[in-house]
Amino acid sequence: MKSIGISPRPIIPLILPQLEHRYKISRLNHRLPLLHLDGAGRSLLLMASLNNHNHNHNHHFRHADSTASPPSSAVAKISHLKAVVLGDAPASEEDDVVLPSHDFSRQALVPSQQKYLEMYKASIENPAGFWSGIASSEFYWKQRWGDQVYSENLDVRRGNIKIEWFKGGITNVCYNCLDRNIDAGLADKIALYWESNEPGFDATLTYSQLLQRVCQLANYLKSVGVRKGDAVVVYLPMLMELPITMLACSRIGAVHSVVFAGFSSESLAQRIVDCKPKVVITCNAVKRGPKTVFLKDIVDAALIDSANKGISVDVCLTYENQLALKREKTKWKEGRDIWWEDVVPKYPTSSDVEWVDAEDPLFLLYTSGSTGKPKGVLHTTGGYMVYTATTFKYAFDYKDSDVYWCTADCGWITGHSYVTYGPMLNGATVLLYEGAPSYPDPGRCWDIVDKYKVTIFYTAPTLVRSLMRDGDEYVTRYSRKSLRVLGSVGEPINPSAWRWFFNVVGGSRCPISDTWWQTETGGFMITPLPGAWPQKPGSATFPFFGIQPVIVDEKGVELGGECSGYLCVKSSWPGAFRTLYGDHERYETTYFKPFPGYYFTGDGCSRDKDGYHWLTGRVDDVINVRYSI
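Residues numbered from 1 in each chain as written. Predicted model: local features only at pLDDT ≥ 70, side-chain atom pairs only at ≥ 80, totals over all residues. Heavy atoms only, no water.

J.: Go over the overall build of the chain with me, naming the residues and quoting the values.
T.: Across its full length, the chain carries 17 helices and 31 strands. Within the chain, residue pairs in contact and separated by at least 24 positions form 72% of the contacts whose partners lie at least 6 positions apart. Approximately 23300 Å² of the chain is accessible, and the part contributed by carbon and sulfur atoms is 49%. (Helix = DSSP H or I, 4+ residues; strand = E, 2+ residues; numbered from the N terminus. Contact = heavy atoms within 4.5 Å. Areas by Shrake-Rupley, 256 points an atom, 1.4 Å probe, with all protein chains shown as cover.)

J.: Explain the environment of G487 residue by residue, including any values.
T.: Examined against the element boundaries, G487 turns out to sit in strand 25 (residues 485-488). Given a relative accessible area of 0%, G487 falls into the buried group. Each C-alpha atom, one on G487 and one on I512, is 5.1 Å from the other, the two residues being 25 residues apart in sequence. Beyond its immediate sequence surroundings of up to four residues, G487 is in contact with F396, F457, Y458, T459, F501 and S513. (Buried < 20%, exposed > 50% of the residue type's maximum accessible area, 1.4 Å probe, protein only.)

J.: Which residues make up the sheet that holds strand 10 (residues 190-195), and what are the values?
T.: One open sheet holds the seven strands; their spatial order is 11-10-23-22-24-25-26, and the pairing between them is mixed. The open sheet terminates on both sides in strands that have one partner only, identified here as strand 11 (202-206) and strand 26 (512-514). Sheet twist, expressed as the mean angle between neighbouring strand axes with direction ignored, is 20°. Direction of pairing for strand 22 (residues 403-406) relative to strand 24 (residues 456-459): parallel, over a ladder of three bridges. Looking at strand 24, one finds that C406 is bridged to Y458. Lying over the sheet, helix 13 (residues 444-452) contacts strand 10, strand 11, strand 22, strand 23 (429-433) and strand 24, oriented at roughly 145° with respect to strand 10. Contacts from helix 16 (residues 495-505) reach strand 24, strand 25 and strand 26, with the element oriented near 155° to strand 26. (Pairing = 2+ DSSP bridges. Axes fitted to C-alpha atoms, helices over the stretch in contact; angles between N-to-C directions.)

J.: Describe the packing of aromatic side chains, naming the residues involved and giving the relevant values.
T.: According to the stated counting rule, one finds 55 aromatic pairs in the structure shown. Between the aromatic rings of Y418 and W517, the centroid separation amounts to 5.0 Å while the plane-to-plane angle is 80°, which identifies the pairing as edge-to-face. Here Y418, found in helix 12 (residues 413-425), pairs with W517, found in the loop between strand 26 and strand 27 (548-552); they are 99 residues apart in sequence, far enough to count as distant. Using a relative accessible area of 0% as the deciding quantity, one classes Y418 as buried. (Phe/Tyr/Trp six-rings, centres within 6.5 Å; stacked < 30°, edge-to-face > 60°.)

J.: Run through the sheet that holds strand 14 (residues 279-283), naming residues and quoting values.
T.: On the basis of which strands lie adjacent, the open sheet formed by eight strands has the order 18-17-14-12-13-20-21-29 and mixed pairing. Single-partner strands in this sheet number two, and they are strand 18 (337-339) and strand 29 (579-580). By the bridge criterion, four bridges tie strand 12 (residues 231-235) to strand 14 in an arrangement that is parallel. Bridging across to strand 14, V233 finds its partner in V280. Running over the sheet, helix 7 (residues 241-252) touches strand 12, strand 13 (255-258), strand 14, strand 17 (315-319) and strand 20 (361-367) and is turned about 155° from strand 13. Along the sheet, helix 9 (residues 295-308) makes contact with strand 12, strand 14, strand 17 and strand 18, crossing strand 14 at roughly 155°.

J.: Give me helix 7: which residues, what numbers.
T.: In a regular helix each residue adds 1.5 Å, so 12 residues correspond to 16 Å; helix 7 covers 16 Å between its end C-alpha atoms and thus fits that length. In terms of burial, helix 7 is a largely internal element, 12 of the 12 residues being buried. Considered for burial, the residues of helix 7 that qualify are E241, L242, P243, I244, T245, M246, L247, A248, C249, S250, R251 and I252. (Expected span 1.5 Å × (residues − 1).)

J.: Give a description of the confidence of the model for the chain that names residues and reports values.
T.: Taken residue by residue, the chain gives an average pLDDT of 88. The fraction at 70 or more is 85%. A low-confidence stretch, residues 1-79 (pLDDT under 50), is modelled with 195 contacts involving residues beyond four sequence positions or located in other chains. Low confidence marks residues 621-629, where pLDDT is under 50. Its contacts with residues over four positions away, or in another chain, come to 12 contacts. (pLDDT = per-residue confidence, 0-100.)

J.: Talk me through the nonpolar core; I want residue IDs and the actual numbers.
T.: A general feature of soluble globular proteins is that nonpolar side chains tend to end up buried together. F166, L210 and F545 are the most contacted members of the largest nonpolar core, which totals 178 residues. Broken down by element, the residue count for this core peaks at nine residues, all from helix 6 (residues 207-223). With sequence-adjacent residues up to four places away left out, L210 is seen in contact with L178, A191, L192, L205, I244, L247 and M424. By size, the runner-up hydrophobic cluster in this structure holds eight residues, among which are V550, V552, C568 and F600. (Core = buried A, V, L, I, M, F, W, Y, C linked by side-chain atoms within 4.5 Å.)

J.: So what about the environment of W194? Which residues, and what values?
T.: Its place among the elements puts W194 in strand 10. Under the relative-accessibility criterion, W194 is labelled buried at 10%. In this structure, the C-alpha to C-alpha distance between W194 and M238, residues 44 residues apart in sequence, is 8.7 Å. Among the polar contacts made by the side chain of W194, one reaches the main-chain carbonyl oxygen of M238 at a distance of 3.0 Å. (Polar contact = N/O pair within 3.5 Å; in protein donor to acceptor, adjacent residues only side chain to side chain.)

J.: Describe the pairing of strand 30 (residues 599-607), naming the residues involved and giving the relevant values.
T.: The element strand 30 is largely enclosed, with a buried count of nine among its nine residues. Sheet topology note: the strand 28 (residues 563-570)/strand 30 ladder contains six bridges and is antiparallel. Among the inter-strand pairings, Y566 is bridged to a residue of strand 30, identified as G604. Pairing geometry for strand 30 and strand 31 (residues 613-618), over five bridges, is antiparallel. Paired with S606 across the bridge in strand 31 is W614. Connecting strand 30 to the antiparallel partner strand 31 that follows it, the hairpin turn spans five residues, and G611 within it adopts a positive phi of roughly 90°.

J.: Describe the side chain of R480, and please don't skip the residues or the numbers.
T.: By secondary structure assignment, the location of R480 is in the loop between helix 15 (473-476) and strand 25. One buried charge, R480, has no salt-bridge partner; the nearest side chain with opposite charge is D450, at 6.7 Å. At 3.0 Å, the side chain of R480 forms a polar contact with the backbone oxygen of V505. Among all residues touching R480, those that are not within four sequence positions of it are W446, V449, D450, V475, V504, V505 and R509. (Lys, Arg positive; Asp, Glu negative; His and termini not counted. Salt bridge = Lys/Arg side-chain N within 4 Å of Asp/Glu carboxyl O.)

What follows is the structure in structure tokens.
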């Protein structure tokens, strides 16, 4: 593709060989960067010097062809690059990068690579100062932590693996999600939009209404004996009662374990047996598209199974989802089963907060394990709170006026971090959708986007590819003009799906935050920051603040520059999980013994000559690492 209206200029490389110098970069007007951070601690800034006409409103500029040859052996010769500017034209297969527009960058929280480098430098060189500054200025603490912001040991050769952040600090996540935002003037702001599986049925809750509902459930849970540290298993679909339950548990210091309401009774029973909950919370049924799923029947079978294995649960709180199934058709066990609607609304709409230590447990989330036994990933309170809120804010360039929709279920970590906690800690308006994304037809997502004027849309590559196969017409029949930022989560998104998502869904004007992270990491680890640097379709780009990703070979040797290998992480971060529930040895063996001194992600990764990270998928089944401890 040839540029229109200007003569392309070369990308100008700037080599900053030492870590302590790499962030001292002069401001260059009207320039958009490509940033390289290599494994040896060097960085390369490739300045795409664009003509001022790139950013005017007459849209004469379409593409810029650039070449560069860095005067350094640290990085291979930069290949011929072709770029398209956000909002100017669709991204074709010939385009290597998508540049943020001047207008988007100007309004972004991180408007440039220089600002990112300044913040990243602070987060790496002084993590205690960086994270404590955010924690103390943006969250409420009943009591501040001590002099030591964090302590860590990620090397099994030096003893037990241990990660702690803000220990001694006393806080509460529910209070920070709700009370703090209400005190800041958001009482009447919509906290939750809810859209039913069936078109035409919906509901809303403001922040003050949500707090009242949370307090009623918190008071009920206390009345049936749930105390700080007790487990509550949650088997609910995407009703508003799901985040209400999560927040109610966190308000009283209980540890929630949400199980995806699609797992079998055997899978649910495994989790009940492992964490021994005081209460199980479910609903009688849910509609997914035209199909009715009888959730209470699944719970009944799981409770019988768990009782046969010695773990009995005395209370099964059941919400009547009337659109799916009436209560008179619901199987019932007197003395154990209780209708939510019969008891919870009778309790007071205010509830005392259980103040907890930053290192007290917040939730358990089970992931499948290679041995067949689920792994109970344990996240604690303070560090998770600070990290999820901060990643949400910057990776989506969050604004107070945004309406945010993440299509993930709260049965997964994405639903914990980026449906409930991350958004609400920022006082965001969140959309919950109960049903199937292609029901009653493949245009349902975009119908919902237009109905609620969604500005940030976060989904999985699987859904993107499915909607892509259904054809553009289901997308283009809707406006989607409210969309501002798109996001991708889950497996790596292939470049063709990325371009379709960008061109068709986003109309070539929405950057895509293609996030890489895991249940274990709690929040984003490698992700674009919209407005800060160019994107390459299919690449997660660069690390978030405080994250030091490294690529190692099979012997654990760090690889620099352009390379492929096993993705590990140096040092801890606030959102990291602390252990596997009841099995710390498995925690160490799985994540820290393969490459001592690092957190091993289990993923493969390539880093290209420009420093961009490309995730290549799981390597658990093929890795064969020898180690001696």
